[in-house]
Amino acid sequence: MTLADQPVSLAIDAMGGDSGPHYQVAGALLALAADPSLSVTLVGDLDQIKARLAQHQLSHHYAERIHLLHSETWVRMDDAPSFALRQRKNSSMHLALRLVAEGQSAACVSAGNTGALMAIGRQVLGMLPGIERPAISTVIPTRRGVSYLLDIGANVDCQAAHLVQFALMGSVMVRCVDGLPQPSVALLNVGHESIKGNAQVKLAAQRLEQHPALNYQGYIEGHAIFSGDVQLVVCDGFVGNIALKTSEGLARFLSEQIQQIFARSLYSRLVSIMARPILKRLKEQMDPVRYNGGSFLGLRGSLVKSHGNADARGFAFAIQRAAIEARQKLPEQLLRELQRDESASFD
């Protein structure tokens, strides 16, 4: 039996995100169809979940691999993390994470409120020893395949020690998920010269250069993120979130511009027909939906965050991401690496 064939059970926060259980249920069914060894527990309002399942004719084919858990409430997208932590203890997000903490599910997937998810995840799952803050990592398309970017929003203000921790956790993740023995790591900065950057980035660079477990390559500028020259780009959550959303907005803008150009005249429409296979391949490579699913690193359990506005296909990608990390036992591998690393503790 290969690793991909190992049975795995995931907890799905079916009420998180902008659309309630609509895309979450549909995405779970797509993931079940693609992965015969996958089973899911859909957590949320049972009446709504059952109504969505009834709308999908093929849902009965996966009935044995679908479990339901009722929640009295759910975390709203505008809930403050502190409010969600105290007042939403019976929410779908809380209950889904408890399934992971209790060992009933191997990972959790949610499209809900990011701040609340991080706060509840820290409380329910707990942090790995030596890790002060979890970081969110995401896959980005590059000229040479894919790379990873972290943090993309969990930590707006970071110290140098946090950036070193992000680099270590991200490097372990790339080794586990992609099988790269020594992934290259770079710090996102305003220039590649050693004199550039703020105090935190400069100090982090000094520590990363001396870290024996990391293949540190120095600074990388924003225009080179998608070059594929490094497998892991590290930054604080403020910079990472802006970089990610800017790239997603640019991808949509370019797609719209290309469509408008090809629609301007009969000749351009004829050219678009001839170029359709190439355009389709380009769109698939640039489509943010394919890379949906940000991994929370540093928790004692696997947690994957989907975009709040992801459609069914995008949510299915997030589920597939969680299944990979669960089968790789990523938190356990992170723990072993941190225990071997004497520099894991904060100053």
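Note that the structure is a prediction, hence the values are computed from the model and not measured. (Residues numbered from 1 in each chain as written. Predicted model: local features only at pLDDT ≥ 70, side-chain atom pairs only at ≥ 80, totals over all residues. Heavy atoms only, no water.)

Trainee: Just give me the short version of helix 7 (residues 199-209), but keep the residues and values in it.
Mentor: Among the residues of helix 7, V201, A204, A205 and L208 are the ones counted as buried. Taken end-on, helix 7 shows its buried residues confined to a sector of 105 degrees, consistent with a single buried face. On its buried face, helix 7 is in contact with helix 6 (160-178), strand 7 (184-188) and strand 8 (215-220). Regarding helix 7, its N-cap is N198, as a side-chain oxygen of that residue lies 3.3 Å from the backbone nitrogen of Q200 further along. (Buried < 20%, exposed > 50% of the residue type's maximum accessible area, 1.4 Å probe, protein only. Helix = DSSP H or I, 4+ residues; strand = E, 2+ residues; numbered from the N terminus. Arc of directions from axis to C-beta. Contact = heavy atoms within 4.5 Å. Polar contact = N/O pair within 3.5 Å; in protein donor to acceptor, adjacent residues only side chain to side chain.)

Trainee: Requested: an account of the pattern of salt bridges, with residues and values cited.
Mentor: If you walk through the whole model with that rule in mind, you get seven salt bridges. Residues R88 and D79 are paired through a salt bridge, measuring 3.0 Å at the closest nitrogen-oxygen approach. Note on D79: relative accessible area 10%, which makes it buried. The residue E325 makes a salt bridge to R321 at a minimum N-O spacing of 3.1 Å. Taken as a pair, E325 and R321 lie in helix 11 (residues 312-328) at a separation of four residues, close to a single helical turn. Of the two residues examined, E325 and R321, each falls in the buried class. (Salt bridge = Lys/Arg side-chain N within 4 Å of Asp/Glu carboxyl O.)

Trainee: Tell me what's going on with the domain arrangement of the chain, and back it up with residues and numbers.
Mentor: Splitting the chain by domain gives domain 1 (1-134 + 298-347) and domain 2 (135-287). Taking only C-alpha atoms, the centre of domain 1 and the centre of domain 2 are 24 Å apart. In this assembly, 25 residues from domain 1 lie in contact with 24 residues from domain 2. Taken together, the two surfaces of domain 1 and domain 2 that pack against each other cover about 2000 Å², and 58% of this comes from carbon and sulfur. Across the contact surface, domain 1 and domain 2 share one salt bridge. (Domains from an automatic or database assignment. Buried area = accessible area lost by both parts, 1.4 Å probe.)

Trainee: Before we move on, can you summarise empty space enclosed by the protein with the specific residues and values?
Mentor: Counted according to the given criterion, the structure contains one cavity of 30 Å³ or more. Lining the largest cavity are F296, L297, G298, L299, G301, S302, E325, L330, P331 and L334. It is helix 12 (residues 330-340) that provides the largest number of residues to the lining of the largest cavity, a total of three residues. Of the residues in the lining of the largest cavity, the class split is six nonpolar, three polar and one charged. (1 Å grid on protein atoms, 1.4 Å probe; cavity = no way out; pocket = protein on both sides within 12 Å on 5 of 7 lines; lining within 4 Å. Points joined across faces, edges and corners; volume = space filled by probe spheres on them. Nonpolar A, V, L, I, M, F, W, Y, C, P; charged D, E, K, R; others polar.)

Trainee: Describe a nonpolar patch on the surface, and please don't skip the residues or the numbers.
Mentor: A surface patch of nonpolar side chains, about 340 Å² in accessible area, is lined by V156, F238, V239 and I242. Looking at where V239 falls in the secondary structure, it is placed in helix 8 (residues 237-262). (Patch = residues over 30% accessible without salt bridge, like charges linked within 9 Å, V, L, I, M, F, W, Y side chains within 5 Å. Areas by Shrake-Rupley, 256 points an atom, 1.4 Å probe, with all protein chains shown as cover.)

Trainee: So what about the nonpolar core? Which residues, and what values?
Mentor: If you look at the biggest cluster of nonpolar residues, it comprises 70 residues, and the most contacted ones within it are L97, F166, L187 and V234. When residues of this core are sorted by domain, at least three fall in each of domain 1 (1-134 + 298-347) and domain 2 (135-287). Look past the residues within four positions of F166 in its chain and what remains in contact with it is R133, A135, L150, D151, N155, C158, V234 and C235. (Core = buried A, V, L, I, M, F, W, Y, C linked by side-chain atoms within 4.5 Å.)

Trainee: Hey, could you go over the packing of helix 6 against helix 11 for me, with residue numbers and the actual values?
Mentor: For any two helices packed against each other, the geometry is given by the interaxial angle and the distance between the axes. One way to put it is that helix 6 packs onto helix 11 with a least axis distance of 10 Å and a crossing angle of 95 degrees. Compared by their axis directions, helix 6 and helix 11 come out roughly perpendicular. Packed against helix 6, whose contacting residues are M173, C176 and V177, the element helix 11 presents R321, I324, E325 and Q328 at the interface. A per-class count over the contact of helix 6 with helix 11 returns four nonpolar, one polar and two charged. (Axes fitted to C-alpha atoms, helices over the stretch in contact; angles between N-to-C directions. Parallel < 35°, antiparallel > 145°, perpendicular 65-115°, else oblique.)

Trainee: Before we move on, could you go through the side chain of D45 and cite the residues and values that matter?
Mentor: Checked against the element boundaries, D45 lands in the loop between strand 2 (38-44) and helix 2 (46-55). No salt bridge is formed by the buried D45; the nearest opposite charge belongs to R76, separated by 9.4 Å. Engagement of the side chain of D45 in a polar contact is seen with the backbone nitrogen of D47, the distance being 3.3 Å. In this structure the side chain of D45 is engaged in a polar contact, spanning 3.0 Å, whose partner is the backbone nitrogen of Q48. Non-local contacts of D45, meaning those with residues more than four positions away in its chain, are made with M15, H70, S71 and W74. (Lys, Arg positive; Asp, Glu negative; His and termini not counted.)

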